[in-house]
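Below, each chain spelled out in residue letters.
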Amino acid sequence: MAVIPVNIAGAPYEVRIEAGLLAAAGQHCRPFIRGGKVAVVTDERVAAAWRGPVEASLAAHGITSTWLVLPAGESTKSWQYLAQTAEWLLEQGVERKDSVIALGGGVIGDLTGFAASMVKRGCGFIQMPTTLLAQVDSSVGGKTAINTTAGKNLVGAFHQPVLVLADPLALDTLPPRETRAGYAEVVKYGLIDDADFFHWCEAHGPALLAGDAAAREHAIAKSVAAKARIVAADEKETLGVRALLNLGHTFGHALEAETGFSDRLLHGEGVALGMVLAARYSARIGLMNGQDAERVAGHIGAAGLPSSLAALGLMCDGARLKAHMLHDKKMDAGTLPFLLMRGIGQTFLAKDVDLADVAAFLDAELARG
Ligand code: NAD
Ligand code: GLY
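The name recorded for the protein in an unreviewed UniProt entry is 3-dehydroquinate synthase, from Novosphingobium fuchskuhlense. Within the UniProt record for the protein, the comment given under Catalytic activity (unreviewed entry) is "7-phospho-2-dehydro-3-deoxy-D-arabino-heptonate = 3-dehydroquinate + phosphate". Taken verbatim from the UniProt record of the protein, the Subcellular location (unreviewed entry) comment is "Cytoplasm".

Spelled out as structure tokens, the structure:
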């Protein structure tokens, strides 16, 4: 089992990664559970696949679980389900020193974590991420949130889990498109500051996507170690370090907004194309070698992720995508910080990007054959 410590001052915890962890949940959770009972929040798809083994393992370790099974999908990250979850946790008698369990992808993790941050002014929570995206990104680092009419993830809290159990076997039941979307976040860690890991992705990404157990475990452990290092250095994203995790997200967010945050473009797919655009824009302004930018695009495309803006078939121009960017929550005093690359594994935060030039670049990418 890989055990990655997340050394957040005042709230350290472990991420444990091993095939079979969900079926061994009782053993791992028992030290965090008081009074022999625990409240579990999940969604209907995850429950269909994974409630059985988790419930049985908790029971085998003397823990009775009560379950809130919510609808699957992004729209569950809402005021309505936040209120329902918080009220339900209170009905279950959850106390501040208790830990509740979030079993699911980023939607359930973000929602349950936010509810846990509020119940009794903050109770514990255990993340059991069941998507690749949640295992390598959202379950680690304590960002929790819901979506509102003003936009995605605009209301939330930093609230760290007490334990994360990442079971690569959970991915056996995940639709391949969701696995590919999560893989974009894996590649992201290579592009941020670890060229060797990007090269590993080029060599082993196909095996990972085909379900190879060793490749999955290695990628999850490397990704979590990278995220743990970054969030421990800058928990609240105030020092310009955690911001590196947003590579691809500014372009990606504009594309998600243009496609209505719908199934037309999953978050990870937007990040994938966003990273290609960040690389190509970096090459356009002379920061990055053009061959390296195309190497990024080549790997993203080979993984079955979108690597061409033109191929998305959007009915808009660069100015419209730029306008979406101006609604990004990373806007800071009228400027938009961008994550750009000096090379593979050399991402940095650029604060002086010319947005008119970005719009012209996007026009060129939209027209690219
Ligand atoms: P998700 O939670 O919606 O899961 C995707 C789909 O897969 C859902 O239909 C779900 O029911 C299903 N599913 C999950 N696990 C399954 C399994 N093992 N078998 C079968 N089906 C399964 O989506 P996601 O991609 O995990 O997360 C996206 C969310 O994460 C977004 O809301 C995004 O804002 C958030 N996010 C948060 C952070 C953070 O740091 N907190 C980081 C990145 C993304
Ligand atoms: N997913 C970005 C972050 O956790 O900061």
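Enquirer: How should I be thinking about the UniProt feature "domain: 3-dehydroquinate synthase N-terminal" (unreviewed entry) in the protein in this particular structure?
Expert: In this structure's numbering, the residues bearing the UniProt feature "domain: 3-dehydroquinate synthase N-terminal" (unreviewed entry) are residues 68-180. Taken end to end, residues 68-180 is 34% helix and 29% strand, and its two terminal C-alpha atoms sit 28 Å from one another.

Enquirer: Quick question: what am I supposed to make of unusual backbone geometry here?
Expert: The phi torsion of most residues other than glycine is negative, and most of the peptide bonds are trans. Of note in the backbone geometry, Lys120 takes a positive phi value of approximately 55 degrees without being a glycine. Its place among the elements puts Lys120 in the loop between helix 4 (106-118) and strand 6 (124-129). Judged by its relative accessible area of 39%, Lys120 falls in the partly exposed class. Positive phi outside glycine occurs at Phe261, with the angle close to 50 degrees. The residue Phe261 is located in the loop between helix 9 (249-258) and helix 10 (267-284) in this model. Overall, the relative accessible area of 34% leaves Phe261 in the partly exposed class.

Enquirer: So what exactly am I meant to see when it comes to the UniProt feature "binding site: NAD(+)" (unreviewed entry) in the protein here?
Expert: When the UniProt feature table is mapped onto this chain numbering, "binding site: NAD(+)" (unreviewed entry) sits at Gly106, Val107, Ile108, Gly109, Asp110, Thr130, Thr131, Lys143 and Lys152. Those annotated residues lining the second largest cavity are, specifically, Gly106, Gly109 and Asp110. With respect to the secondary-structure elements, Asp110 resides in helix 4. Excluding anything up to four places from it in sequence, Asp110 contacts Lys77, Ser138, Lys143, Thr144, Ala145 and Asn153. Polar contacts involving the side chain of Asp110 include one to the side chain of Lys77, which spans 2.9 Å. Beyond its immediate sequence surroundings of up to four residues, Thr130 is in contact with Leu22, Val46, Leu103, Gly104, Gly105, Gln135, Ala170, Leu171 and Leu174.

Enquirer: What am I meant to see in the sheet that holds strand 5 (residues 99-104) here?
Expert: Within a beta sheet, neighbouring strands are joined by backbone hydrogen bonds and run either parallel or antiparallel to one another. Taken together, the 7 strands give an open sheet; going across it, the order is 1-2-9-6-5-3-4, and neighbouring strands pair in mixed fashion. Two strands bound the open sheet, and with one partner strand each, they are strand 1 (2-6) and strand 4 (64-70). Averaged over neighbouring strand pairs, the angle between their axes works out to 20 degrees when direction is ignored. Note that strand 5 and strand 6 share 6 bridges and pair parallel.

Enquirer: Sorry, what's going on with helix 2 (residues 44-60) here?
Expert: An α-helical turn contains 3.6 residues, so a residue and the one three or four places further along point in the same direction. With 17 residues, helix 2 ought to run about 24 Å at 1.5 Å a step, and its terminal C-alpha atoms sit 23 Å apart, in line with that. Of all the bends in helix 2, the largest measures some 60 degrees and sits at Trp50, one to four residues before the proline Pro53. Taken together, the buried residues of helix 2 touch helix 1 (25-29), strand 3 (37-43), strand 4, strand 5 and strand 6. Sitting at the amino-terminal end of helix 2 is Asp43, which places a side-chain oxygen 2.9 Å from the backbone nitrogen of Arg45. Of the residues one or two after helix 2, Gly62 is the one with positive phi, at around 75 degrees.

Enquirer: Mind showing me how you'd approach helix 13 (residues 355-367) here?
Expert: For helix 13, which comprises 13 residues, the first-to-last C-alpha distance of 18 Å matches the rise-based estimate of 18 Å (1.5 Å per residue) to within 8%. When helix 13 is considered as a whole, its buried residues turn out to be Leu355, Val358, Ala359, Phe361, Leu362, Glu365 and Leu366. Looking down the long axis of helix 13, one finds its buried residues gathered within 160 degrees of arc, a one-sided arrangement. Across helix 13 from its buried face, at more than 90 degrees, point the exposed residues Ala356 and Ala367. Looking at the buried side of helix 13, the elements it contacts are helix 9, helix 10, helix 12 (318-325) and strand 10 (338-341). Residue Asp354 occupies the N-cap position of helix 13, its side-chain oxygen lying 3.0 Å from the main-chain nitrogen of Ala356.

Cut-offs and rules
Residues numbered from 1 in each chain as written. Chains lettered and ligands numbered in written order. Predicted model: local features only at pLDDT ≥ 70, side-chain atom pairs only at ≥ 80, totals over all residues. Heavy atoms only, no water. UniProt positions renumbered as here; feature names shortened; annotations may be inferred. Helix = DSSP H or I, 4+ residues; strand = E, 2+ residues; numbered from the N terminus. Buried < 20%, exposed > 50% of the residue type's maximum accessible area, 1.4 Å probe, protein only. 1 Å grid on protein atoms, 1.4 Å probe; cavity = no way out; pocket = protein on both sides within 12 Å on 5 of 7 lines; lining within 4 Å. Contact = heavy atoms within 4.5 Å. Polar contact = N/O pair within 3.5 Å; in protein donor to acceptor, adjacent residues only side chain to side chain. Pairing = 2+ DSSP bridges. Axes fitted to C-alpha atoms, helices over the stretch in contact; angles between N-to-C directions. Expected span 1.5 Å × (residues − 1). Bend = angle between axes of the 7 residues up to and from the residue. Arc of directions from axis to C-beta.

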